[in-house]
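Fold and geometry: a report
Listed here are the chains, written in short residue letters.
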Amino acid sequence: MKEHLVIFDTTLRDGEQSPGASMTKEEKIRIAKQLERMRVDVIEAGFPAASPGDFEAVKAVAAAVKDSTICALARANVNDIPRAAEAVKEAKAARIHTFIATSPIHMKMKLRMTPDQVLEQAGMAVKLARTFTDDVEFSPEDAGRSEVDFLCRVLEAAIKAGAKTLNIPDTVGYNVPGQYAELLRALRERVPNSDKVVWSCHCHNDLGLAVANSLASILSSGVRQVECTINGLGERAGNAALEEIVMAVRTRQDIFPCDTRIDTTQIVPASRLIANITGFPVQPNKAIVGANAFAHESGIHQDGVLKSRETYEIMRAEDVGWNANKLVLGKHSGRSAFRSRLQELGIQLESDQALNAAFARFKDLADKKHEIFDDDLHALVSDEAVTQEDEYFKFVSLKQRSETGETANAEIVISTEGQEKRASAPGDGPVDASFKAIEHMVASGAELQLFSINAITSGTDAQGEVTVRLSKGGRIVNGHGADTDIVVASAKAYLSALNKLHAKAERVNPQR
Ligand code: KIV
Ligand code: ZN
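Residue numbers run consecutively from 1 along every chain, following the written order of its sequence. As a convention, the first chain written is A and the first ligand written is 1, with the rest following in written order. Selection of residues for local features in this predicted model requires a pLDDT of at least 70, selection of side-chain atom pairs for listing and counting requires 80 or more, and totals for whole chains, interfaces and linings are taken over all residues. Computation of side-chain values covers all heavy atoms of the structure but excludes hydrogens and water.

**Section: helix 7 (residues 177-190)**
Given a rise of 1.5 Å per residue, 14 residues ought to cover 20 Å, and the 20 Å separating the end C-alpha atoms of helix 7 matches this to within 8%. Burial classification: accessible surface area is computed with a 1.4 Å probe over protein chains only, and a residue below 20% of its type maximum counts as buried, one above 50% as exposed, and the rest as partly exposed. A run of H or I in DSSP counts as a helix once it spans at least four residues, and a run of E counts as a strand once it spans at least two, with each numbered from the N terminus. For helix 7, the full list of buried residues reads Y180, A181, L183, L184, A186 and L187. By definition, residues are in contact when any of their heavy atoms lie within 4.5 Å. As for helix 7, its buried residues are in contact with helix 6 (148-161), strand 7 (165-170), strand 8 (198-203) and helix 8 (210-220). Helix span, as expected, comes to 1.5 Å for every residue beyond the first.

Structure representation (structure tokens):
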């Protein structure tokens, strides 16, 4: 009988710390429902002390998910921990994850605390968290650069105070596989009562080693929880990629002493959802979820695969969810079929009004496009008109003209506070002209950092989904727009980003 490897997904917390990857409450619920469908054990839903919006999002995820433990992050202090506890109190199974930095550089330069103060604070924090829930996790931040003797003392104090999981972060992605595995082995050997807790790895990818480090510690150091994110999303170079960890362990059952409960057919849908919501595209040659991960281009490979799949394939595309984008609805589908498919996808619309708006857009889309897929539905409900998120600038209409050798021109109509306004501008192509027309009217002064466009499904009648990333005054936001007309989708995405900038949310980063 194999031991269980706990999959702790932190896409909604560490992943969201990636600049530009911030998500709305509705987006977080959709992602959490997909993680639950994938059978993730623990979902780290956010850092409630960061802002009132983050608190509300964690609370909403805790209420929506039943089959995964919901975890909230808290710095080791008396303000963050009760806030985290309050956010997850509705969860069927709740965890508090508290942390404090233990490396010499973090203690001295960031915390300005002595090691003894850090030791005391760690014990106090775990004890306080235990007054709210039995399921408490403790992390010594920057463990990868901490002194082992000191780490042992802090971890011993955390166990004494009641921690059930000890997570060892390589916060800055500095470790290499043998060294990280050795660190975990030493800690498990030296810390008293180490057999009473679950040991967890948390690796960042600055040297491209996050997955390798995690797997080394699972393989040879008794680690039985892995912290990871979909598509490896996360600060700087990101975290260990969930899909790579899960498939390595599943594919190499001949060497791993443990396995996960993950439904691997949900991996590709999860990857697409995250890419669409964050606007961080997946590189084509990315393992498992890249568009080329199962494509065989060379004649020799194709020939081999046709004769016997195992000649060049170690996994089956369908086992990780390629082709899971089901054809679901068409022009004649009714409201109840539409509603029930949304429910199956974990999409919760908050009111009848929102459902009506979504259904109207669905009918509109079905007129333009014969077959509607799950990915179309996800794009459709991302629309602000449907989610009823703060929509200060509302798209009304767009007229544009472009011709080879001529300057393009766009005329846009936007409504703000019930008043329609019109502006036009020339540009270098219809998208540029549309953005300039919007700026002509709005004068946001924001800087365009990213413009990306993807066909949601195949075929020339596919919806184009556009992501626009804008930055202003240190804030970075992503806007999304989908339409069968890609210039309209672009204008909607630009307005969606402006709406997010307009909604001014102040957030604290837990590690700064
Ligand atoms: O990388 C890190 O140290 C973290 C902790 C908060 C666990 O994300
Ligand atoms: Zn981290």
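On we go.
**What about the site of ligand 1?**
One heavy atom within 4 Å of a molecule or strand is enough for the residue carrying it to be called near that molecule or strand. In the neighbourhood of ligand 1, the contacting residues comprise R13, D14, H97, F99, S139, E141, N167, P169, T171, H202, H204 and Q511. Within the contact set of ligand 1, an oxygen atom lies 2.6 Å away from a side-chain nitrogen or oxygen of T171. Pairs of N or O atoms within 3.5 Å make up the polar contacts considered here, provided that, within protein, one atom can donate a hydrogen while the other can accept it, and that residues adjacent in sequence are counted only when both atoms are side-chain atoms. One of the side-chain nitrogen or oxygen atoms of Q511 is found 3.2 Å away from an oxygen atom of ligand 1. If you list the elements that add at least two residues to the shell around ligand 1, you get strand 5 (94-101), strand 6 (136-141) and strand 7. Residue classes in the shell around ligand 1 are distributed as two nonpolar, seven polar and three charged. Each residue is assigned to one of three groups, with Ala, Val, Leu, Ile, Met, Phe, Trp, Tyr, Cys and Pro labelled nonpolar, Asp, Glu, Lys and Arg labelled charged, and all others, Gly among them, labelled polar.

**Description of the packing of aromatic side chains**
Aromatic rings from Phe, Tyr and Trp, taking only the six-membered ring of Trp, are treated as a pair when their centres fall within 6.5 Å; an angle between ring planes under 30 degrees marks them as stacked, one over 60 as edge-to-face, and anything in between as tilted. The tally for this structure, following the rule as stated, stands at six aromatic pairs. Centre to centre, the rings of F338 and F359 are 5.5 Å apart; their planes meet at 55°, and the pair counts as tilted. Residue F338 is located in helix 12 (residues 335-344), and its partner F359 is located in helix 13 (residues 352-368); the two are separated by 21 residues in the primary sequence. Since its relative accessible area comes to 0%, F338 is described here as buried. Among the residues examined, F359 registers a relative accessible area of 15% and is labelled buried. For the ring pair F338 and F362, a centre distance of 4.9 Å and an interplane angle of 25° mean the geometry is stacked. In this pair, F338 is assigned in helix 12 and F362 in helix 13, connecting sequence segments 24 residues apart. The rings of F338, F359 and F362 are connected pair by pair, giving a single aromatic cluster.

**Some thoughts on the domain arrangement of the chain**
Each domain's limits were defined by an automated method or a database of domain assignments. Split into domains, the chain comes out as domain 1 (3-278), domain 2 (293-321), domain 3 (327-384) and domain 4 (393-503). Each of domain 1 and domain 2 has a C-alpha centre, and these two points are 35 Å apart. Between domain 1 and domain 2, the contact holds seven residues from the first and six residues from the second. Of the roughly 490 Å² buried at the junction of domain 1 and domain 2 (both faces included), carbon and sulfur atoms supply 65%. Any carboxyl oxygen of Asp or Glu that lies within 4 Å of a side-chain nitrogen of Lys or Arg is treated as forming a salt bridge with it. Where domain 1 touches domain 2, the interface holds zero salt bridges. Summed over the shared surface of domain 1 and domain 2, the result is three residue pairs in polar contact (both at pLDDT 80 or more). Among the secondary structure elements, those contributing two or more residues to the side of domain 1 that touches domain 2 are helix 9 (242-251) and helix 10 (267-278). In terms of residues, the side of domain 1 that touches domain 2 owes the most to one element, helix 10, which gives three residues. Residue classes in the side of domain 1 that touches domain 2 are distributed as four nonpolar, three polar and no charged. Two parts placed together each lose some accessible area under a 1.4 Å probe, and adding up what both lose gives the buried area.

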